[in-house]
Amino acid sequence: MTHTAPRGFDFLDGAWAVRNRRLADFLDPDSGWEEFDGHTTGRLFRDGRAHVDEIVFPTKGFSGLTLRLYEPETDEWTLNWSNSRTGRLEPPVRGRFGPDGTGEFFGDDHYAGRPVRVRFRWSGIGPGTARWEQAFAPAGTDRWVVNWVMEFSRERS
């Protein structure tokens, strides 16, 4: 069976302004939200089967790099994140886009020394907008806490 890369992350190619809203404590919904701006530039590779972007948070003093790879054998994407503060590649999340265009990606990680399930969700994807949200659930539970939301808008050249 031959797979072709689905729509995938072609929408994220190019330059974007990013409005961030992030919980102070990723597992405590009452910890308070902080808001800050960022900007990202992404590029497609391998006929759309790979996407790399760097997001910069000028007021936070760090940046992130995401490598997204399409795996034709599983018809899934892996999303791999690296924070400039640590330089490490974090454990990937994996998943796909559904018929409605929403993408859901899941993985396992640790937060504050505790194992957590991680969910990334891409939605509201259009020519000039997109929304990403991250949620954590303590391992063994289904209590998802949305802890970071990014609203993307296409930068004007």
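Residues numbered from 1 in each chain as written. Predicted model: local features only at pLDDT ≥ 70, side-chain atom pairs only at ≥ 80, totals over all residues. Heavy atoms only, no water.

1. Quick word on the pairing of strand E8 (residues 114-123)
- Bridging between strand E7 (residues 103-111) and E8 involves nine bridges; their strand directions are antiparallel. Bridging across to E8, His 110 finds its partner in Pro 115.
- Linking E7 back to E8 in an antiparallel pair, the connection comprises two residues, with Ala 112 at a positive phi of about 50°.
- Note that E8 and strand E9 (residues 129-138) share eight bridges and pair antiparallel. Pairing of Phe 120 across the sheet is with Gln 134, part of E9.
- From the end of E8 to the start of E9, which pair antiparallel, there are five residues, and Gly 124 there has a positive phi angle of about 60°. (Pairing = 2+ DSSP bridges. Helix = DSSP H or I, 4+ residues; strand = E, 2+ residues; numbered from the N terminus.)

2. Considering the packing of aromatic side chains
- Overall, the coordinates contain 22 aromatic pairs when judged by the stated rule.
- Among the aromatic residues, those joined into a ring-pair cluster are Phe 9, Phe 11, Trp 16, Tyr 70, Trp 77, Phe 97, Phe 105, Trp 122 and Phe 152.
- Between the NZ or CZ atom of Arg 68 and the centre of the ring of Phe 9, over which it lies, the distance is 5.0 Å. (Phe/Tyr/Trp six-rings, centres within 6.5 Å; stacked < 30°, edge-to-face > 60°. Lys NZ or Arg CZ within 6 Å of the ring centre and 35° of its normal.)

3. So, the nonpolar core
- Formed by 28 residues in total, the largest nonpolar core has its most connected members in Phe 9, Phe 105, Trp 122 and Phe 152.
- For this core, the secondary-structure elements that each account for two or more residues are strand E1 (14-23), strand E3 (50-57), strand E4 (62-71), strand E5 (76-83), strand E6 (93-97), E8, E9 and strand E10 (145-154).
- Per element, the largest residue contribution to this core is four residues, and it comes from E8.
- With residues near it in sequence (within four places) discarded, Phe 9 still touches Leu 44, His 51, Arg 68, Trp 77, Leu 79, Phe 97, Phe 105 and Trp 122. (Core = buried A, V, L, I, M, F, W, Y, C linked by side-chain atoms within 4.5 Å. Buried < 20%, exposed > 50% of the residue type's maximum accessible area, 1.4 Å probe, protein only. Contact = heavy atoms within 4.5 Å.)

4. Considerations on the pairing of E6
- Across three bridges, E5 lies against E6 in antiparallel orientation. Pairing of Trp 77 across the sheet is with Gly 95, part of E6.
- Relative to E7, E6 is paired through four bridges, and the arrangement is antiparallel. Paired with Arg 96 across the bridge in E7 is Glu 104.
- Here E6 hands over to E7 after five residues, with Gly 101 in that stretch at a positive phi of 90°.

5. Observations concerning the confidence of the model for the protein chain
- Per-residue confidence for the protein chain averages 93 on the pLDDT scale, and 96% of its residues sit at or above 70.
- The low-confidence segment residues 1-5 (pLDDT under 50) makes 10 contacts with residues lying over four places distant or belonging to another chain. (pLDDT = per-residue confidence, 0-100.)

6. Quick look at the sheet that holds E1
- One closed barrel accounts for 10 strands, arranged E1-E2-E3-E4-E5-E6-E7-E8-E9-E10; its pairing is antiparallel. Going from strand to strand, the sheet's axes swing by 25° on average, the running direction of each strand aside.
- Pairing of E1 with strand E2 (residues 33-45), which is carried by 10 bridges, proceeds in the antiparallel orientation. Bridge pairing in E2 links Gly 14 to Gly 42. (Axes fitted to C-alpha atoms, helices over the stretch in contact; angles between N-to-C directions.)

7. A few points about the side chain of Arg 22
- Its place among the elements puts Arg 22 in strand E1.
- Looking at Arg 22, the relative accessible area reads 12%, which means it is buried.
- There is a polar contact of 2.7 Å between the side chain of Arg 22 and the side chain of Glu 34.
- Among residues more than four places away in sequence, those in contact with Arg 22 are Gly 32, Trp 33, Glu 34, Phe 36, Lys 60, Phe 62, Asn 147 and Trp 148. (Polar contact = N/O pair within 3.5 Å; in protein donor to acceptor, adjacent residues only side chain to side chain.)

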